[in-house]
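Overview (structure and organization)
Take a look at the letters that make up each chain.
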Amino acid sequence: MRIVVAVKYVPDIHADRGFEGGRVVRRADEGTLNELDENAVEAALRLKEALPEGERETSEVIVLTVAGPDADGAVRRSYQLGADRGVRVSDDAVAGSDYFGTARVLAAAVRRLADEAPVDVVVTGMAALDGLGSVVPALLSAELGLPQLTLAGKLEVEGEPGARTARVTRELDGVEEVLEAPLPAVVSVTDHANDPRMPNFKLIMAARTRPVEAWSLADLGVDPALVGDAGARSRVTDASPRPPRPDAEIVVDKGEGGRALAEFLIRNDLV
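Residues numbered from 1 in each chain as written. Predicted model: local features only at pLDDT ≥ 70, side-chain atom pairs only at ≥ 80, totals over all residues. Heavy atoms only, no water.

1. So, the sheet that holds strand β11 (residues 165–171)
Across a sheet, strands are paired by hydrogen bonds formed along the backbone, either parallel or antiparallel in direction. On the basis of which strands lie adjacent, the open sheet formed by 3 strands has the order β10-β11-β12 and antiparallel pairing. Edge positions in the sheet fall to β10 (154–158) and β12 (176–182), since each has one partner strand and no second. On average, each strand axis in the sheet is tilted by 20 degrees relative to the strand beside it, whichever way the strands run. Pairing of β11 with β12, which is carried by 7 bridges, proceeds in the antiparallel orientation. By the bridge assignment for β12, Thr169 is matched with Val178. (Pairing = 2+ DSSP bridges. Helix = DSSP H or I, 4+ residues; strand = E, 2+ residues; numbered from the N terminus. Axes fitted to C-alpha atoms, helices over the stretch in contact; angles between N-to-C directions.)

In structure tokens:
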């Protein structure tokens, strides 16, 4: 079984964020593997580990990202978790891609991997914490022409090679929903799907020197006019810093605390 996991290198959620030229400012020293993508990597590893021993040895988990060389940090973090191979698509023309452009490039890379040998499952996280669009999994499945099973709280694969089915369980409001699709398929998992494992020392050390394959748009046969700023369907027209948090207003309750609270809520249009 070959499992491709789409991951993203994002700014640290705890770091200050900003826009320049309509783009999120990304600094190498503040980047990290998207936290929700760790759940996707873990889901892929568990699918591989659940295979019969003989098939498990010939299966692989391939991590795929679209970004500059700094994103090798996300791939190496995936290596630490147990991924077998890493591919980074880097090209100046990709800069400024929106969700549609990103999905187009990811799909082209998946198709190239499938030319080597069949790809059985494409797994993603539910969202990237820098944009929170949550639409790339659906767009990727549309680009590939594959079934999509999104927001999975649980992922299982059943059947024999060549005739397998993916089954996901989703928790809705008081209802458990089970969906199935024949493989190959695109699956996105939530942060409730699993608890990502802690990397062991051996994998941490090995990840430092493991190669990351770098592909360009030319390698994938993607027209630069269809991605990046040139092909973007959406643009940031304006951005401003978040206003500073006002100083706290402390009210000593001497019997009129309720009135002071009500006046505060009314004054700030919170009722």
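2. Concerning helix α5 (residues 136–144)
Considered for burial, the residues of α5 that qualify are Val136, Pro137, Leu139, Leu140, Ser141 and Leu144. Within two residues after α5, Gly145 carries a phi angle of roughly 70 degrees, on the positive side. (Buried < 20%, exposed > 50% of the residue type's maximum accessible area, 1.4 Å probe, protein only.)

3. Describing the sheet that holds strand β14 (residues 213–215)
Sheet architecture is open: 7 strands sit in the order β9-β13-β8-β1-β6-β7-β14, paired in parallel fashion. Lying at the two open borders of the sheet, with one neighbouring strand each, are β9 (148–152) and β14. For this sheet, the mean angle separating the axes of adjacent strands, direction not counted, is 20 degrees. Two strands pair when backbone bridges link them, and strand β1 (residues 2–6) and strand β8 (residues 121–125) are joined in this way by 4 bridges, in the parallel orientation. From the neighbouring strand, Val4 faces β8, where its bridge partner is Val122. Against the sheet, helix α3 (residues 72–81) engages β6 (60–66) and β7 (85–89), with an angle of about 165 degrees to β7. (Contact = heavy atoms within 4.5 Å.)

4. A look at the packing of aromatic side chains
A full pass over the atoms with the stated rule returns 0 aromatic pairs. If you follow Arg112 out to its NZ or CZ, it ends over the ring of Trp215, 4.1 Å from the centre. When the ring centre of Phe100 is taken as origin, the NZ or CZ atom of Arg233, which lies over that ring, is 4.0 Å away. (Phe/Tyr/Trp six-rings, centres within 6.5 Å; stacked < 30°, edge-to-face > 60°. Lys NZ or Arg CZ within 6 Å of the ring centre and 35° of its normal.)

5. Details of the pairing of β6
Among the 7 residues of β6, 6 are classified as buried, and the element is accordingly described as predominantly covered. Examined bridge by bridge, β1 and β6 share 5 bridges and lie parallel to one another. Bridge assignment links Ala6 to a residue of β6, and that residue is Leu64. Two elements, β6 and β7, share 5 bridges in a ladder whose sense is parallel. Each residue of the ladder has a partner; that of Val63, found in β7, is Gly86. The parallel pair β6 and β7 is bridged by α3, and the resulting crossover is right-handed. (Right-handed = clockwise from strand over helix to strand, strands pointing away.)

6. Topic: the pattern of salt bridges
All told, the structure shown has 17 salt bridges when counted by the stated rule. Among the salt bridges present, the one from Asp130 reaches Lys8, with a minimum N-O distance of 3.0 Å. Placement of the pair is Asp130 in the loop between β8 and α5 and Lys8 in the loop between β1 and β2 (9–11), with a sequence separation of 122 residues. In this structure Lys8 comes out as partly exposed when scored by relative accessible area, which is 31%. (Salt bridge = Lys/Arg side-chain N within 4 Å of Asp/Glu carboxyl O.)

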